[in-house]
Amino acid sequence: MPARTRLREEPRGGRSGLAGAAREGSPEVWPGCPGDWLRSDPSLARRAPGGRLVVIPLPSPSFNFILLKSLLFKLLKWRVRLQKGVLLISESLKQEVESFCYQIVSDSNNQKVGILQSEDEHLQPSVSKKSDTELSRVTFMSGSNKMTFSKKPKRRKYDESYLSFGFTYFGNRDAPHAQCVLCKKILSNSSLAPSKLRRHLETKHAAYKDKDISFFKQHLDSPENNKPPTPKIVNTDNESATEASYNVSYHIALSGEAHTIGELLIKPCAKDVVMRMFDEQYSKKIDAVQLSNSTVARRIKDLAADIEEELVCRLKICDGFSLQLDESADVSGLAVLLVFIRYRFNKSIEEDLLLCESLQSNATGEEIFNCINSFMQKHEIEWEKCVDVCSDASRATDGKIAEAITLMKYVAPESTSSHCLLYRHALAVKVMPTSLKNVLNQAVQIINYIKARPHQSRLLKILCEEMGAQHTALLLNTEERWLTRGKVLVRLFELRRELLVFTDSAFPLSDCLTNSSWLLRLAYLADIFTKLNEVNLSMQGKNVTVFTVFDKMSSLLRKLEFWASSVEEENFDCFPTLSDFLTEINSTVDKDICSAVVQHLRGLRSTLLKYFPVTNDSNTWVRNPFTVTVKPASLVARDYESLIDLTSDSQVKQNFSELSLNDFWSNLIQEYPSIARRAVRVLLPFATMHLCETGFSYYAATKTKYRKRLDAAPHMRIRLSNITPNIKRICDKKTQKHCSH
């Protein structure tokens, strides 16, 4: 079958019909076709001498219908097929069709004919001035003879008679907007119709609907209306509803609540509040806010993605960063990896969540490294900027964490590794003499005897209430949560009288509650663990540096020496619980107890020195640069000269007393870049694993046994990040903003 030339007419609104054809492989646009052709007419084309293609409008009001009749007979002769608005012409008849169409163009009086030049020329209209009815545009598709068009939007003109409806024009005179002279509201160009203007006047300003044009003209000429209007961009209801949906979803993620709380609780409560404070009309607008379960989940992912995008931008421009990582299992059995990062940004050192990922396969060191490395490569973050990697001290010496850190050092050769100082402290305080260790174990057995039996716990509560005790329950001791040890022992000692009444002779440890020597040792353990817990808590928190931790440990070492000396002198004022109990029983401490206490205190000091060795740190100038009188070994001559200039500045000295150590050095990057960057690099490493421990607590509270299928990574990004998402930017990226249905 011979090849066919395809000339297609695309459907469009209003009047239709368009003629045109294109040279194959030559896409062009011709903007000058009339818009009053019949809908069902096909397009014809003719190649004129010189390589021109003539675009023929069929038919127009000025078209010669005698020629049209001749054309119809020719079409029947050529056996042209018309299928679904597509004219199919045999290739063998193409030359004859073109010749006949060229004659039609020559005889036609219609001058609105576009001419497509050869491939190296531009398409031009054949008339010098375009008519106002030329509302269509032809687009020739490359590689085919297919032709499409799009209708040029119609622009309404402003008429002076519209002032009788209270409207003047605003903006361009050729395509103006309608502006009400009473409320200054600006309507679109499509509203420049008498019916729409009259409707605005009657609905919005019913009191002025009977006024004549002179009233509105006087109002228009007033001094207030002569001021140039200030266009005010107001969000539509859909945009406001979408933005409100993001705000509510953000707070749901921060609270760790279920997604369904938005539609089941927050929206009904908001409607009730608005209805009581305003009226029902405003309350109905709350229904437009999208807060379904799936919508809130999508919003949280969008918010987390925006926070991650901002974090990646910061990391790409920072000078260096340090990492903190840990791995644990969640309620559904997944191995979850948390990685935090510390970096300098905007004259301060920031801490943020780098990633929260579940390890799909084996939770090995290689898998942990691959998870972090893929994130780095995906976002083009340089490993060379890594300064230090902090991990669990008990697991970093061997196992998967050690393997992951080794692989990180391979890709970041200049980075170091450090062990969490909180874990060091927890391991050090476990060492104690046998006599005190036995008392601690027996105390835990008494607590477990009651806490493991709910009936016993209820009876103890009733007894404590009847006896007027300060507390009604014991606290459970766990090895993992070592900070509870001091509180557990204090609570047990405070309820010793109630426990003595509660326990019977059948309980084997009931005699301990009547033994004064046992109670004296228990009182000492309650005091010493309370003090150790206070030190441990002071080392937790954000932006804790190595200098802060070692200062706390130095203070604790001096206190331990002081406490041991006081006990040797039989002075127990530094242990309030033990001192009050001695006063209560009007007794003294036996020599055996004193020697056990002194042995414990001195052994604790030696163990802490083992885990926190005292070294001659060459970076002491970072802690206080104003005490340096000799060039530190870690500084070159040029940096030491900058340090001298810095310490000689009185304003810098004043800022040192007002700012934290991190902010002090971060603010000096612009003025003293070399020495300040060295100091920031020293301050970047994490001292503790506090952020990972806090992160896993939030994770466990968010992903509970009732929400095992939840993807908690976006929630953790929002809850554990210091970056606030830009909700306005997120909404602007959305092309469509739908209200709730």
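Residues numbered from 1 in each chain as written. Predicted model: local features only at pLDDT ≥ 70, side-chain atom pairs only at ≥ 80, totals over all residues. Heavy atoms only, no water.

Participant: Account for the confidence of the model for the protein, with residues named and values stated.
Facilitator: Overall, the prediction assigns the protein a mean pLDDT of 77, with 74% of residues at 70 or greater. Across residues 104–151 the pLDDT falls below 50, and counting only partners more than four positions away or on other chains, this stretch makes 128 contacts in the model. (pLDDT = per-residue confidence, 0-100. Contact = heavy atoms within 4.5 Å.)

Participant: Tell me about the packing of aromatic side chains, residues and numbers included.
Facilitator: On inspection of all chains with the given rule, the structure shows 14 aromatic pairs. Aromatic pair phenylalanine 493 and phenylalanine 581: ring centres 5.4 Å apart, planes at 80°, arrangement edge-to-face. With phenylalanine 493 in helix α16 (residues 484–494) and phenylalanine 581 in helix α20 (residues 576–585), the pair connects residues that are 88 residues apart, well separated along the chain. Each member of the pair, phenylalanine 493 as well as phenylalanine 581, carries the same accessibility label: buried. (Phe/Tyr/Trp six-rings, centres within 6.5 Å; stacked < 30°, edge-to-face > 60°. Helix = DSSP H or I, 4+ residues; strand = E, 2+ residues; numbered from the N terminus. Buried < 20%, exposed > 50% of the residue type's maximum accessible area, 1.4 Å probe, protein only.)

Participant: Got a sec to walk through the pattern of salt bridges? Specific residues and values, please.
Facilitator: For the structure shown, the criterion picks out 18 salt bridges. Between aspartate 330 and lysine 703 there is a salt bridge; the shortest N-O distance is 2.9 Å. On the criterion of sequence distance, the pair formed by aspartate 330 in the loop between β14 (321–329) and β15 (335–344) and lysine 703 in the loop between α27 (690–702) and α28 (713–719) is long-range, its members being 373 residues apart. You can call lysine 703 buried: its relative accessible area is 4%. A salt bridge links glutamate 561 to arginine 602; the nearest nitrogen and oxygen atoms lie 3.1 Å apart. (Salt bridge = Lys/Arg side-chain N within 4 Å of Asp/Glu carboxyl O.)

Participant: Could you give me a rundown of the sheet that holds β14, with the residues and numbers involved?
Facilitator: Strands sit in the order β16-β15-β14-β17-β18 across an open sheet of five strands; the sheet is mixed. For this open sheet the edge positions go to β16 (349–359) and β18 (416–419), each flanked by a neighbour on one side alone. In this sheet, neighbouring strand axes are inclined to one another by 20° on average, regardless of whether the strands run parallel or antiparallel. Note: β14 against strand β17 (residues 386–391), four bridges, orientation parallel. Bridge assignment links phenylalanine 321 to a residue of β17, and that residue is cysteine 386. Most of the contacts of helix α12 (residues 400–411) go to β17, to which it runs at about 175°, and overall it touches β14, β17 and β18. (Pairing = 2+ DSSP bridges. Axes fitted to C-alpha atoms, helices over the stretch in contact; angles between N-to-C directions.)

Participant: Quick rundown of the environment of leucine 578? Include the residues and the values.
Facilitator: With respect to the element layout, leucine 578 can be found in helix α20. Placed 56 residues apart in sequence, leucine 578 and leucine 522 show a C-alpha to C-alpha distance of 8.5 Å. Among all residues touching leucine 578, those that are not within four sequence positions of it are Leu520, Ala523, Tyr524, Asp527 and Phe572.

Participant: Please set out the pairing of β15 residue by residue, giving values where relevant.
Facilitator: Burial within β15 is extensive, with 10 of its 10 residues counted as buried. Side chains Ala335, Leu337, Val339, Ile341 and Tyr343 project from β15 onto one buried face, and the interleaved Val336, Leu338, Phe340, Arg342 and Arg344 project onto a second face that is buried too. Relative to β15, β14 runs antiparallel, the two sharing nine bridges. Of the residues in β15, the one forming a bridge with leucine 323 is isoleucine 341. Counting the residues that bridge the hairpin from β14 to β15 gives five residues, and of these glycine 333 lies at a positive phi of roughly 90°. Across 10 bridges, the pairing between β15 and β16 is antiparallel. By the bridge assignment for β16, valine 336 is matched with serine 358.

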